[in-house]
Amino acid sequence: MFMKRRLIKQGQGGLTLTLPIDWIRKYNLSAGTEIELEDTESGLLVSKEKIKTKKEIIINLGKENKSRLRTAVSSAYRRGYDAITLKCTEKVSLIDMTELVDSLVGFIITEQEDKKVILQNVMKDDFESVDSVINKFFQTIKYLQSVVLDFIVNNNGDVSEIIMLKSSVLKLRDYCQRTIHLNQHGQDRAFEYHALILLAEKYSANFVELVINKNIKFDKNNLDLNHLEEINREYINLHQSWLKKDLSTALKLNEKISVLRKNLLTKAKNNLTAVLADNLFSLSSRMVALLI
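These notes cover the structure that comes with them.

1. Notes on the overall build of the protein chain
At step 1: What the protein chain contains, in helices and strands, is 9 helices and 8 strands.
At step 2: The buried share among the 292 residues of the protein chain stands at 39%.
At step 3: A total of about 17,500 Å² of accessible surface is found on the protein chain, and carbon and sulfur atoms cover 50% of it.

Okay, here's the thing in structure tokens:
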């Protein structure tokens, strides 16, 4: 339904516009209520809630970059696209595409031809808070660490479970970055949040490498087991300080991890142990920056 409104002069050159009373009553609006305005090619859109436009992208994949399929798709996914169309020069494997879409929270395959696939978001991206998603990500890494340590110490567990958890961490990494982007979380510090997520995923990948790297022998002394358990404890403590938004504790942990890092860089028998400490220090430094 179209209607006309006359612009009313307001202050020094400003203009105001009255809203239809029926629309105001329908959405229970009152003085001071914020509404959303969006300037589009066809006019000015007024909405009670945030106006969400569907973002679409077409990705052309040649034979030479087909192996980087997941990298291309996950990049578009993290940037908030709702529909991703893949156009390939060769036939696309249904198994590969199913595995790929399973790694993207909320996406399904809506169309698949020999050389064309369309992936679409079927879930509201604002159903869960960003803080909740980030916490789930950190919790998954915490559980991954416990499984890896149990595998090393007690020779208990299945490598396939560890690989599955690694995939879960990657899936949550992309989902975290998508929700940060869509919600503009942290506003001018959004980059810091993205860096935090990437550092945490890198740190968790080092834990997985302790198990899947065939060059590492499962000798408890060679693996610097005590140091690994200390790194695990400090990660748990760091996560708790993040949940409580406790800057004071995070600063103390950052200093403690710094000392551990310096010690392991010179004394650790296993290079990965030192790398873990180094990555944990970078992660703790980023957390401190975000808590300030």
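2. Remarks on the packing of aromatic side chains
At step 1: According to the stated counting rule, one finds 6 aromatic pairs in the structure shown.
At step 2: Seen from their ring centres, F137 and F138 are 5.7 Å apart, and the 45 degrees between their planes marks the pair as tilted.
At step 3: By relative accessible area, which is 0% here, F137 ends up buried.
At step 4: On the basis of relative accessibility, which here comes to 0%, the residue F138 falls in the buried class.
At step 5: On the basis of an interplanar angle of 70 degrees and a centroid distance of 6.3 Å, the ring pair of Y193 and W242 is categorised as edge-to-face. Of this pair, Y193 sits in helix α6 (residues 190-212) while W242 sits in helix α7 (residues 225-243), placing them 49 residues apart in sequence.
At step 6: By the ring-pair criterion, three or more aromatic residues cluster together here, those being F137, F138, Y193 and W242.
At step 7: Residue placement shows K55 over the ring face of Y81; its charged tip is 4.7 Å from the ring centre.
At step 8: Residue placement shows K245 over the ring face of W242; its charged tip is 4.1 Å from the ring centre.

3. Let's talk about the sheet that holds strand β5 (residues 56-61)
At step 1: Overall, mixed pairing links the 4 strands, which are arranged β5-β6-β8-β7 in an open sheet. This sheet does not close on itself; its edge strands, each paired only once, are β5 and β7 (107-112). Across the sheet, the mean angle from the axis of one strand to that of its neighbour is 20 degrees, orientation sign disregarded.
At step 2: Where β7 and strand β8 (residues 116-121) come together, 5 bridges link them in antiparallel fashion. Directly across from I109, in β8, lies its bridge partner L119.

4. Some details on the side chain of N279
At step 1: Of note, N279 is situated in helix α9 (residues 271-291).
At step 2: Looking at N279, the relative accessible area reads 6%, which means it is buried.
At step 3: A polar atom in the side chain of N279 sits 2.4 Å from the side chain of N206.
At step 4: Discounting chain neighbours no more than four positions away, the residues touching N279 are K202, Y203 and N206.

5. Describing unusual backbone geometry
At step 1: The backbone of Q184 shows a phi angle near 50 degrees, a positive value even though the residue is not glycine.
At step 2: Mapped onto the fold, Q184 is located in the loop between α5 (159-182) and α6.
At step 3: Classification of Q184 as exposed rests on a relative accessible area of 57%.
At step 4: Unusually for a residue other than glycine, Q187 sits at a positive phi of about 50 degrees.
At step 5: Its location among the elements puts Q187 in the loop between α5 and α6.
At step 6: When its relative accessible area of 67% is taken as the criterion, Q187 is described as exposed.

Definitions and cut-offs
- Residue positions are counted from 1 within each chain, in the order its sequence is given.
- Selection of residues for local features in this predicted model requires a pLDDT of at least 70, selection of side-chain atom pairs for listing and counting requires 80 or more, and totals for whole chains, interfaces and linings are taken over all residues.
- Excluded from the side-chain calculation are hydrogens and water; included are all heavy atoms of the structure.
- Starting at the N terminus, helices and strands are each numbered in turn, a helix being any DSSP run of H or I of at least four residues and a strand any DSSP run of E of at least two.
- Here's how the labels work: a residue is buried when its accessible area is under 20% of the maximum for its type, exposed when over 50%, partly exposed in between, all with a 1.4 Å probe on protein chains only.
- Using a 1.4 Å probe, the Shrake-Rupley method yields the accessible areas, and only the shown protein chains count as cover for residues.
- For Phe, Tyr and Trp, where Trp contributes only its six-membered ring, two rings pair if their centres lie within 6.5 Å, and the inter-plane angle classes them as stacked under 30 degrees, edge-to-face over 60, or tilted in between.
- Two limits define a charge over a ring: the Lys NZ or Arg CZ must be within 6 Å of the ring centre, and within 35 degrees of the ring normal.
- Pairing between two strands requires that DSSP report at least two bridges joining them.
- All axes are obtained by fitting lines to C-alpha atoms, using only the stretch in contact for helices, and the reported angles, taken between N-to-C directions, cover 0 to 180 degrees.
- Pairs of N or O atoms within 3.5 Å make up the polar contacts considered here, provided that, within protein, one atom can donate a hydrogen while the other can accept it, and that residues adjacent in sequence are counted only when both atoms are side-chain atoms.
- Contacts are assigned to residue pairs that have any heavy atoms within 4.5 Å of one another.

Keep in mind these values describe shape, not function.
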